[in-house]
Amino acid sequence: MAPVTSLTASVHQRLADALASALPEADGVDPLLRRSDRADFQANGILALAKKAKANPRELATQVVARVESGEVIKEIEVSGPGFLNITLTDRAITENLAARYADAESRLGVPFAEHPGTTVIDYAQPNVAKEMHVGHLRSAVIGDAVVQILEFTGENVVRRHHIGDWGTQFGMLIQYLDEHPHELDHKEAGDDLQASGEAAMSNLDRLYKTARKLFDADEEFKTRARRRVVDLQAGDPATLAAWQKFVDESKLYFFSVFEKLDMEIRDADIVGESGYNDMLAETCRLLEESGVAVRSEGALCVFFDDVKGPDGNPVPLIVQKSDGGYGYAATDLSAIRDRVLNLKSDTLIYVVDARQSLHFKMVFETARRAGWLNDGVKLRQLAFGTVLGKDGKPFKTREGETIRLVDLLDEAIDRATAVVREKAEKVGLTEQEIVENGRYVGVGAVKYADLSTSAVRDYKFDLDQMVSLNGDTSVYLQYAYARIQSILRKAGEATPAAHPELELAAAERALGLHLDQFGETLAEVAESYEPHKLAAYLFKLATLLTTFYDQCLVLKAETPEQVENRLFLVDLTARTLHQGMALLGIRTPDKL
Ligand code: ARG
């Protein structure tokens with residue numbers, strides 16, 4: 001099945017051709033085509049062009065109109081205002097284009113693959129070993145997963161990297177304690193339920209961390225033994241490494257259970273944490289020092305930047321190696337860049353990390369550039385995201401001022417959503433099992449959608465009441481739009497969806513149809529700019545256009561059997577588009593809600 005050229009693209013092409021033939025210097029100039037309330041489209045590009053060519057804009061517009069072939073696709077084109085073009089399409093062209101999308105056997109809705117796919121390494125969902133996941137870890141996972149799905153849909157080769165925090169001095173204390181109390185990590189009765197074993201794993205780690213810390217603070221001898229353990233760990237002592245591995249494994253059990261709750265696939269092979277680059281650190285430092293990119297300053301290996309200064313005006317360096325010989329976060333990230341460019345052969349590196357780490361990434365990226373590790377054309381980009389705020393507009397904390405555990409937050413969202421689902425369950429005919437399942441999809445969807453529907457760099461308020469509301473820009477609203485279509489399709493009986501290009505379309509049908517036709521362009525834009533919120537906005541608009549359509553057009557009781565079939569086809573295509581779009585955001589669309 002060939003990809004479908006959108007109507008916007010074909011009108012654009014016709015206008016550009018007419019423009020170039022009316023005015024040779026207009027070759028390659030964008031006619032600036034937009035959806036419009038007055039007609040289907042308006043083109044505004046002629047104004048600026050006429051000004052540049054010292055021509056009369058209305059005259060130029062008239063010449064363009066004379067050169068545009070109208071007929072199959074364009075029904076009407078006219079000059080308006082100072083030199084705009086208003087363009088109306090034929091109903092047939094709209095229905096035929098949508099029918100081609102509907103027929104796409106690969107169920108890509110006619111969306112083409114990117115012309116030049118590359119390899120992108122994306123660093124996201126990076127919790128820390130032996131620590132609980134909190135609300136701050138939500139955004140990286142949710143945004144990262146959406147970007148992965150969207151890029152893969154365009155045909156990009158995507159390598160996922162979960163850069164978990166699994167190395168550092170705190171492990172000395174933990175390992176030493178575990179060594180002295182070997183059974184502390186044994187599972188009691190976790191069974192093989194992922195969730196149960198994940199929770200058990202976390203409570204084990206939590207208990208262990210707290211007791212080890214207490215001992216560390218109170219007992220000088222333990223402190224000495226713990227410090228020695230850090231040295232052993234860094235030197236690669238086998239017994240110490242084995243103990244460390246136990247922590248990592250235990251934490252992964254816990255991570256997997258949280259990601260499972262988030263309805264997100266995280267693969268073990270993609271978890272390459274900080275420790276994964278240990279073998280490269282010394283070389284990274286040597287290369288930086290030999291090339292002069294990094295210099296020794298008070299014993300530490302540092303990279304300086306003209307534009308990075310502290311409050312006292314003194315330069316703040318990126319410290320690659322501390323004066324005691326220890327490697328920091330920067331050394332790991334720089335080694336990861338070398339690995340991702342040289343070994344994984346990626347041409348784009350994305351980091352979905354909190355905006356508070358932006359300075360770190362700015363310095364790391366600049367260092368890699370100076371060191372010559374970015375072969376031509378390698379693109380580095382931090383997708384920085386803002387903070388999750390409470391209803392009061394302050395960073396989201398418990399009443400006691402503690403950070404909120406991600407699991408608690410998800411559980412609460414699921415509880416709320418399940419209540420919402422239960423209210424309508426009888427009417428819709430849901431079994432208890434379906435209520436529970438849908439409650440999860442609605443709750444987790446609400447959390448993801450709230451995160452994905454605002455631009456990532458902005459902070460957003462975590463407000464569950466708003467998130468599970470049936471009205472407004474929420475995932476539930478979109479999920480209901482989808483389920484409502486499924487219910488209509490179930491009730492259709494003998495009537496089946498089928499396109500009838502000969503039929504005249506009502507205004508609400510045209511609006512819905514033209515928006516459906518823009519799915520592929522929206523995705524291309526979203527993939528280019530890494531902005532999933534634009535996909536969310538597209539889907540929300542789609543659902544509102546569907547609502548208007550229902551208000552104005554009967555579906556099953558339409559006038560003729562052909563009209564019933566055509567409207568069923570239109571809503572079914574809407575459902576498929578909603579389903580595909582939501583899936584790319586990591587959100588499920590249950591059939592009955
Ligand atoms: N583990 C870190 C944190 O919790 C995030 C890691 C980000 N990725 C990276 N390559 N530095 O803050």
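Check the entry above for the structure.
Please read these numbers as outputs of a predicted model, since none were measured by experiment.

Draft legend 1. Summary view of helix α17 (residues 507–516). The element α17 is extensively covered by neighbouring structure, given that 8 of its 10 residues are classed as buried. Among all positions in α17, only Ala508, Glu509, Arg510, Leu512, Gly513, Leu514, His515 and Leu516 are buried.

Draft legend 2. How the structure looks around a positive patch on the surface. Together, Lys424, Lys427, Arg484, Arg490 and Lys491 give the surface a local cluster of positive charge. It is helix α16 (residues 475–491) that provides the largest number of residues to the positive patch, a total of 3 residues. Overall, the relative accessible area of 79% leaves Lys427 in the exposed class.

Draft legend 3. Spotlight on the site of the ligand. Neighbouring the ligand are Asp123, Gln126, Asn128, His137, His163, Tyr329, Asp333, Tyr351, Val353, Gln357 and Phe361. Between the ligand and His137, the relevant distance is 3.4 Å, taken from an oxygen atom to a side-chain nitrogen or oxygen of the residue. One nitrogen or oxygen atom from the side chain of Asp333 is found 2.7 Å from a nitrogen atom belonging to the ligand. Surface burial for the ligand is 87%, taken as the share of its 350 Å² of free accessible area covered by protein chains. Partitioned by chemical class, the residues of the shell around the ligand number 4 nonpolar, 5 polar and 2 charged.

Draft legend 4. Fine view of the sheet that holds strand β2 (residues 41–43). With antiparallel pairing, the 4 strands of this open sheet are ordered in space as β1-β2-β4-β3. A strand with exactly one partner marks an edge of an open sheet, and here the two such strands are β1 (33–35) and β3 (74–80). Pairwise comparison of adjacent strand axes, ignoring direction, gives a mean angle of 25 degrees for this sheet. Two strands pair when backbone bridges link them, and β3 and strand β4 (residues 84–89) are joined in this way by 6 bridges, in the antiparallel orientation. Bridge pairing in β4 places Glu78 opposite Asn86. Docked against the sheet, α17 engages β1, β2 and β4, running at close to 100 degrees with respect to β4.

Draft legend 5. Up close: the state of the cysteines. Tallied over the full model, the rule gives 0 disulfides. Lacking any disulfide linkage, Cys302 is separated from the closest cysteine sulfur, that of Cys285, by 11 Å.

Draft legend 6. Looking closely at the side chain of Glu250. With respect to the element layout, Glu250 can be found in helix α9 (residues 238–261). Separated by 3.4 Å, the side chains of Glu250 and Asn204 make a polar contact.

Draft legend 7. Summary view of helix α11 (residues 329–343). Relative to the 21 Å expected for 15 residues at 1.5 Å per residue, α11 spans 21 Å between its end C-alpha atoms, a close match to the ideal helical length. Among the 15 residues in α11, 12 count as buried, and that is most of the element. Those residues of α11 that fall on the buried side of the exposure criterion are Ala330, Ala331, Thr332, Asp333, Leu334, Ser335, Ala336, Ile337, Arg338, Asp339, Arg340 and Val341. Just past α11, the residue Lys345 takes up positive phi, approximately 55 degrees.

Cut-offs applied
- Residues numbered from 1 in each chain as written.
- Predicted model: local features only at pLDDT ≥ 70, side-chain atom pairs only at ≥ 80, totals over all residues.
- Heavy atoms only, no water.
- Buried < 20%, exposed > 50% of the residue type's maximum accessible area, 1.4 Å probe, protein only.
- Helix = DSSP H or I, 4+ residues; strand = E, 2+ residues; numbered from the N terminus.
- Patch = residues over 30% accessible without salt bridge, like charges linked within 9 Å, V, L, I, M, F, W, Y side chains within 5 Å.
- Areas by Shrake-Rupley, 256 points an atom, 1.4 Å probe, with all protein chains shown as cover.
- Salt bridge = Lys/Arg side-chain N within 4 Å of Asp/Glu carboxyl O.
- Lys, Arg positive; Asp, Glu negative; His and termini not counted.
- Charge placed at Lys NZ, Arg CZ, Asp CG, Glu CD.
- Near = heavy atom within 4 Å.
- Polar contact = N/O pair within 3.5 Å; in protein donor to acceptor, adjacent residues only side chain to side chain.
- Nonpolar A, V, L, I, M, F, W, Y, C, P; charged D, E, K, R; others polar.
- Pairing = 2+ DSSP bridges.
- Axes fitted to C-alpha atoms, helices over the stretch in contact; angles between N-to-C directions.
- Contact = heavy atoms within 4.5 Å.
- Disulfide = S-S within 2.5 Å.
- Expected span 1.5 Å × (residues − 1).

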